[in-house]
Amino acid sequence: MNVAGIPYRTIWLDQEDAGVVKIIDQRYLPHRFIVESLSTPDQMARAITDMHVRGAGLIGAAAGFGMYLASLTADRSSLDSFMVDMARSAEMLIATRPTAVNLSWAVQRILDGISASGASVEDKIAICLDSAHAIADEDADFCRRIGRHGAEIITGISNSKAGATVNILTHCNAGWLAFVDYGTATSPIYTAFGQGIDVHVWVDETRPRNQGASLTAWELQQQGIPYTVIVDNAGGHLMQHGMVDLVITGSDRTTFTGDVANKIGTYLKALAARDNGIPFYVALPSSTFDWTVRDGVRDIPIEQRDGEEVRYIEGLAEDRLTSVLITPQNSPVANYAFDVTPARLVTGLITERGICPASEEGTLSLFPEHRGTVPQP
Ligand SMILES: CSC[C@@H](O)[C@@H](O)C(=O)COP(=O)(O)O
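Residues numbered from 1 in each chain as written. Predicted model: local features only at pLDDT ≥ 70, side-chain atom pairs only at ≥ 80, totals over all residues.

K.L.:
Explanation requested: unusual backbone geometry in the structure shown.
P.N.:
As a rule of thumb, non-glycine residues mostly have phi less than zero, and peptide bonds are mostly trans rather than cis. For the bond from L29 to P30, the omega torsion is 5°, close enough to zero to count as cis. Residue placement: P30 occurs in the loop between β4 (21-24) and β5 (35-38). In the segment running from R207 into P208, the intervening peptide bond is cis, with an omega of 10°. With respect to the element layout, P208 can be found in the loop between β7 (199-204) and α7 (211-223). A positive phi angle, close to 65°, is found at D319, a residue other than glycine. Along the chain, D319 turns up in the loop between β14 (312-317) and β15 (320-325). Judged by the 7 C-beta atoms lying within 10 Å of it, D319 falls in the exposed class. For N330, which is not a glycine, the phi torsion comes out positive at approximately 60°. If you trace the backbone, N330 turns up in the loop between β15 and β16 (338-341). (Helix = DSSP H or I, 4+ residues; strand = E, 2+ residues; numbered from the N terminus. Buried ≥ 20, exposed ≤ 12 C-beta atoms within 10 Å, placed from the backbone.)

Now the structure itself:
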């Protein structure tokens, strides 16, 4: 997407130095636009853990490039020692964040690639780079397709309102900053807006890290899309008063049965949407499906992050990025980063292949290659 008229992806290989991966350091947005250079797998792991890069699709792509950086620094004395180092880096990268399945999916894809082929260390390094690029390109392409499919839902609502503004509520940031390009929840909005549909977005601020207030709001502002930031608890009130036509969120892991893990608070929005008869869609690329988990509430691991994210709130004060304590000193806090919305509350899943019901039959009808391998009840 464009930033001040210049096209950017969220991650890319430095054109002058093939040993350097560039990222937009999202900790500084919306106040500063800072590009960071990474040249080791440890730096990439730190960038994922500390959320310089975040969002399910982007941390998958980042893990892919992290594996490429690992291949450059791995022991080259023999194929065996190279693979031992690669397995160690894979483990380190996968451990950075547990809920988004895209991360382990990307790492495993690269490990499988270099296990299956590459006669020399140089061949295997080339496979790592090609795979990292393929994961990133595929992510951007799938998000673009999600936009096309999801825009049909927005167009349908616009038609039913005789062209009046379609009000869409979203939670956290499932925009292009959470992916390589376009995003998932925002991609249909970008497409519909580009087609001339009158849209307005309610942006949940999304405590504790406020990815809605800082990142989604910034993205929408850059693209000129009308939006309003709301506190996390406002959505139910807006829904009761007919001010929300549609909810679209992203996902960090979706079971093949349609349960959706996403940023903490998503479940409450889905409950409010159901109570008010408002469609609740989840947009995700196929890399976000977990084809091994049947019961998301029981079996999806939920990341718990540092309590300082709850105790403090970050922002700009007198042109300086500042962190402010909002609880009593050392207050006990809990920081669950994600929750799971059961399939029964999800109207549909918007994927790169189209829209399906959030159910085992729905996902398997769009992705029939997984029939026969998913666990039985
Ligand atoms: C990538 S879209 C789905 C999610 O990743 C997004 O909504 C979200 O929860 C991001 O979480 P984050 O903790 O910022 O990585």
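There is more to say, and it comes next.
K.L.:
Just checking my understanding: could you explain the nonpolar core for this structure?
P.N.:
If you look at soluble globular proteins, the nonpolar side chains tend to sit buried side by side. If you look at the biggest cluster of nonpolar residues, it comprises 98 residues, and the most contacted ones within it are I11, A62 and M67. Two domains each donate at least three residues to this core, and these are domain 1 (2-138) and domain 2 (146-370). The contact partners of A62, leaving out residues within four places of it in the chain, are I11, M44, A47, I48 and V53. (Core = buried A, V, L, I, M, F, W, Y, C linked by C-beta atoms within 7 Å. Domains from an automatic or database assignment. Contact = placed C-beta atoms within 7 Å.)

K.L.:
What should I look at first to understand helix α9 (residues 266-275) in this one?
P.N.:
Since the α-helix packs 3.6 residues into each turn, any two residues three or four apart lie on the same face. When we look at burial in α9, the residues that qualify are T266, K269, A270, A272 and A273. Buried positions in α9, seen along its axis, are confined to an arc of 165° and lie on one side of it. Looking at the buried side of α9, the elements it contacts are β6 (166-170), α8 (235-240), β9 (246-249), β11 (260-263), β12 (280-283) and β16. G277 sits one or two positions beyond α9 and adopts a positive phi of about 65°. (Arc of directions from axis to C-beta.)

K.L.:
Is there a simple way to think about the confidence of the model for the protein in this case?
P.N.:
When pLDDT drops low, the exact placement of atoms in the prediction is not to be read closely. Across the protein, the average pLDDT comes to 97, with 100% of residues at or above 70. This complex was scored by the predictor with a pTM of 0.96 and an ipTM of 0.96. (pLDDT = per-residue confidence, 0-100.)

K.L.:
Just checking my understanding: could you explain the sheet that holds β5 for this structure?
P.N.:
Two pairing modes exist for strands in a sheet, parallel and antiparallel, and in both the strands are linked by backbone hydrogen bonds. The strand order across the open sheet built from 3 strands is β3-β4-β5, with neighbouring strands paired in antiparallel fashion. Of all the strands in the sheet, the pair left with one neighbour each is β3 (11-13) and β5. Strand-to-strand, the axes of this sheet are offset by a mean angle of 25°, without reference to chain direction. As paired elements, β4 and β5 share 4 bridges and run antiparallel to each other. Bridge pairing in β5 places I24 opposite V35. Helix α2 (residues 56-73) contacts β3, β4 and β5 of the sheet and is inclined by roughly 25° relative to β3. (Pairing = 2+ DSSP bridges. Axes fitted to C-alpha atoms, helices over the stretch in contact; angles between N-to-C directions.)

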